[in-house]
Amino acid sequence: DIHKEYRRKRQRCIRDSQISADMGALPLLILGILFSCSIAIDQDTAGLNIKNLTFDNYVDHFTGPTRGTYKQRYYMVDEYWDKKDKSAVIFHLCGEATCNFPYNRQFPVQTAKELKALYIVIEHRFYGESQPTPDWSIDNLRLLTHEQALADYAFFIESMQAKFKKELNISTNWIMIGGSYAGALSAWFRFKYPHLVVGSLATSGVVTPLADFWAFEKQIIEDLYLSGEYCFNIVKYFQEIAEEKLLRSTPAQRTAFLKIFGGVGDETIDEFMFYFADMHSLLPQYSNRVVFCDAIKKINESGQPIEKQLEEYASLGLKNEIIFTDYTYLSLIHI
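Residues numbered from 1 in each chain as written. Predicted model: local features only at pLDDT ≥ 70, side-chain atom pairs only at ≥ 80, totals over all residues. Heavy atoms only, no water.

> In this structure, what is going on with the sheet that holds strand 6 (residues 199-203)? I would like to understand it.
Adjacent strands of a sheet form backbone hydrogen bonds with each other and so pair up, either parallel or antiparallel. If you walk across this open sheet you meet the six strands as 1-2-4-3-5-6, and the pairing is mixed. Pairing within the sheet leaves two strands with one partner each, and these edge strands are strand 1 (51-58) and strand 6. Taken over all neighbouring pairs, the strand axes of this sheet differ in orientation by 25° on average, direction set aside. Two strands pair when backbone bridges link them, and strand 1 and strand 2 (residues 69-77) are joined in this way by eight bridges, in the antiparallel orientation. Within strand 2, the residue paired with aspartate 56 across the bridge is lysine 71. Packed on one face of the sheet, helix 6 (residues 181-192) meets strand 3 (87-93), strand 5 (172-179) and strand 6 and runs near 145° to strand 5. (Pairing = 2+ DSSP bridges. Helix = DSSP H or I, 4+ residues; strand = E, 2+ residues; numbered from the N terminus. Axes fitted to C-alpha atoms, helices over the stretch in contact; angles between N-to-C directions. Contact = heavy atoms within 4.5 Å.)

Rendered as structure tokens:
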């Protein structure tokens, strides 16, 4: 029974982490144990007291305070925190997007619960509500660097440590967590500011970017196959149709095809294929593979003309905020 197996794994996971804690293991070791069986962690976060806060961080950390400060948004959950000396702080980095509380990615929150730790998730500068400058001019965007972002986190940690020492007379052990770009930040931070964190977890951290990273698509294909060969075959079929319409059609036919997906018809082939690749990779990548495969199977088996199938495929993207016009060059640079 899958539910019995779930409970058994979760009980073993908690037991192993508690044994490690009793033996005085570093929080990072306990974090690793929890991560290894995170599939067994309870995902229910209903009723959490999530605090939406801001912190006054420096606009520019390398020219001094002359440019002033800005409000950097962060979320905090402190109901698990035992507030003891040497207690843990799980410091979760948001990446290159508006930072919302990660309801769908509960491993960091559940880890905080198991470690009796404070949980903080922080927004990256220039995203969401964390805007250091009034506009995104070229001069202002020179402040959008990973060096500035890392300095944001360093100053935040130092300030919070001083606050905890003054108000609670305790010191804290900070563990940084990030994924993808934020994973790279997590790894780089541990390298550059080792005195501020006891460890970092970098999931899919892009510390060594690859221009031709075909292994990512290979992983997506393997993931699609978990639902059955049919899922990959349907994606491949839609891909072949798209290539036919874009590469071997008249300009009028190409324009009509792009309009099916909400374009105006003058988008480039590269812009469309960037979007189209995300259609079959984003949902499986973020734990929605079953939903995606079931949906495209229903579309493909409907017996409708291919144009109608593609319209429904585009609608599937819209429902999940995968929007063609967001992938054009002008949209990406927000002009």
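> Would you explain the state of the cysteines in this entry?
The term disulfide refers to a covalent linkage connecting the sulfur atoms of a pair of cysteines. Taken as a whole and assessed by the stated rule, the structure comprises two disulfides. What pairs with cysteine 94 in a disulfide is cysteine 99, and their sulfur atoms sit 2.1 Å apart. The disulfide joining cysteine 94 to cysteine 99 has a torsion of about 55° about its S-S bond and is therefore right-handed. The pair formed by cysteine 94 and cysteine 99 is uniform in burial state, with each residue classed as buried. In this model, cysteine 231 is linked to cysteine 293 through a disulfide, with the two sulfur atoms separated by 2.0 Å. Its S-S torsion of approximately -80° makes the covalent link between cysteine 231 and cysteine 293 left-handed. Of this pair, cysteine 231 sits in helix 8 (residues 229-247) while cysteine 293 sits in helix 11 (residues 289-300), and the two are 62 residues apart along the sequence. The exposure classification of cysteine 231 matches that of cysteine 293, with both residues buried. Across the protein chain, the way the bonded cysteines pair up, counted in sequence order, is 1-2, 3-4. (Disulfide = S-S within 2.5 Å. Buried < 20%, exposed > 50% of the residue type's maximum accessible area, 1.4 Å probe, protein only.)

> Is there a simple way to explain the pattern of salt bridges in this structure?
If charged atoms from side chains of opposite charge come close, those side chains can pair. Tallied over the entire structure, the rule returns twelve salt bridges. Its salt-bridge partner being arginine 248, residue glutamate 244 comes within 3.0 Å of it at the nearest N-O pair. Given a relative accessible area of 38%, glutamate 244 falls into the partly exposed group. On the accessibility criterion, arginine 248 (52% relative accessible area) is exposed. Where salt bridges share partners, they join Arg73, Glu123 and Glu129 into one cluster. (Salt bridge = Lys/Arg side-chain N within 4 Å of Asp/Glu carboxyl O.)

> For this particular structure, what's the right way to read the confidence of the model for the protein chain?
Low-pLDDT portions of the prediction should not be read for the details of their coordinates. Mean pLDDT over the protein chain works out to 86, with 85% of the residues at or above the 70 mark. Considering only residues more than four positions removed or in separate chains, one finds that residues 16-23, a stretch of pLDDT under 50, has eight contacts. Scored below 50 in pLDDT, residues 36-43 makes 18 contacts in the model with residues more than four places away or belonging to other chains. (pLDDT = per-residue confidence, 0-100.)

> Help me understand the nonpolar core, please; the structure alone is not making it clear to me.
Counting 32 residues, the largest nonpolar core has Phe261, Phe272, Tyr275, Phe292 and Tyr313 as its most contacted members. Breaking this core down by element, the ones donating at least two residues are helix 7 (214-225), helix 8, helix 9 (251-260), helix 10 (269-285), helix 11 and helix 12 (306-319). For this core, the element with the highest residue contribution is helix 8, accounting for eight residues. Discounting residues that sit within four places of it in the chain, phenylalanine 292 has contacts with Leu224, Cys231, Val235, Met279, His280, Leu283, Pro284, Tyr313 and Leu316. Trp81, Ala151, Ile170 and Met176 belong to the second-largest nonpolar core, a separate cluster that totals 29 residues. (Core = buried A, V, L, I, M, F, W, Y, C linked by side-chain atoms within 4.5 Å.)

> In this structure, what is going on with unusual backbone geometry? I would like to understand it.
Outside of glycine, negative phi angles account for most residues, and trans bonds account for most peptide bonds. Although it is not a glycine, lysine 116 adopts a positive phi angle of roughly 55°. Position of lysine 116 among the secondary structure elements: in the loop between helix 3 (107-115) and strand 4 (118-122). Even without being a glycine, phenylalanine 126 presents a positive backbone phi close to 75°. For phenylalanine 126, the location among the structural elements is in the loop between strand 4 and helix 4 (138-141). A residue is classified by how much of its surface remains accessible, and phenylalanine 126, at 2% relative accessible area, is buried.

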